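Fold and geometry: a report
Listed here are the chains, written in short residue letters.
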Amino acid sequence: AVIFFSWWQGVILAGMVQLGWIPAFGGWTTEAIVTRVQDFLICVEMCIAALFHIRIFSYADFIDYTRPKMPHQDAADVRDVVEDTLETFQIKQRVVPIDKKPMLKNHYEVTKKEELEEELHKRRAIDEE
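Residues numbered from 1 in each chain as written. Predicted model: local features only at pLDDT ≥ 70, side-chain atom pairs only at ≥ 80, totals over all residues. Heavy atoms only, no water.

Things to note about the side chain of Gln38
Residue position: Gln38 is located in helix H2 (residues 30-56). Within the structure, the side chain of Gln38 is placed 3.0 Å from the backbone oxygen of Ser6, a separation counted as a polar contact. With near-sequence residues (within four places) excluded, Gln38 lies in contact with Ser6, Gln9, Gly10 and Leu13. (Helix = DSSP H or I, 4+ residues; strand = E, 2+ residues; numbered from the N terminus. Polar contact = N/O pair within 3.5 Å; in protein donor to acceptor, adjacent residues only side chain to side chain. Contact = heavy atoms within 4.5 Å.)

Side note on a nonpolar patch on the surface
Together, Val37, Phe40, Leu41, Val44, Ile48, Phe52, Ile56 and Phe57 make up a nonpolar patch on the protein surface, roughly 780 Å² of accessible area in all. For Phe40, the position within the fold is in helix H2. The exposure class assigned to Phe40 is exposed, which follows from its relative accessible area of 54%. (Patch = residues over 30% accessible without salt bridge, like charges linked within 9 Å, V, L, I, M, F, W, Y side chains within 5 Å. Areas by Shrake-Rupley, 256 points an atom, 1.4 Å probe, with all protein chains shown as cover. Salt bridge = Lys/Arg side-chain N within 4 Å of Asp/Glu carboxyl O. Buried < 20%, exposed > 50% of the residue type's maximum accessible area, 1.4 Å probe, protein only.)

Some words on the packing of aromatic side chains
Under the defined criterion, the tally for this structure stands at 2 aromatic pairs. For the ring pair Phe4 and Trp8, a centre distance of 6.2 Å and an interplane angle of 80 degrees mean the geometry is edge-to-face. Taken as a pair, Phe4 and Trp8 lie in helix H1 (residues 2-18) at a separation of 4 residues, close to a single helical turn. Judged by its relative accessible area of 56%, Phe4 falls in the exposed class. (Phe/Tyr/Trp six-rings, centres within 6.5 Å; stacked < 30°, edge-to-face > 60°.)

Take a look at the structure:
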């Protein structure tokens with residue numbers, strides 16, 4: 001929507017030049033003036049859009065309240081990078097049990113589909129009791 005609006009804004013500014021509403025002055029051509037005006041308007045619009053984005057796309061949805069607040073330790077922690085690298089090169093595969101946190105298992109130890117289905121069936125039977 002922002003790009004579409006910016007395009008129409010450029011069309012309107014070009015129309016204003018054709019109507020003579022934006023004349024050349026101070027050694028600047030009308031094209032240079034219109035370019036700078038449009039650049040300035042886009043900067044203002046992006047600031048306004050950023051304010052709306054802060055409100056609409058809140059960071060609060062991504063806060064993990066189960067972990068202690070240690071931002072510097074989390075920033076320096078490279079375990080996630082190591083796990084993703086190992087998974088990418090298929091050295092290890094991520095297995096997420098239903099009732100536990102994600103853990104890594106060697107890809108040879110990953111449970112077969114039938115075993116997973118049996119475990120799921122057992123858990124559903126326990127939940128129904």
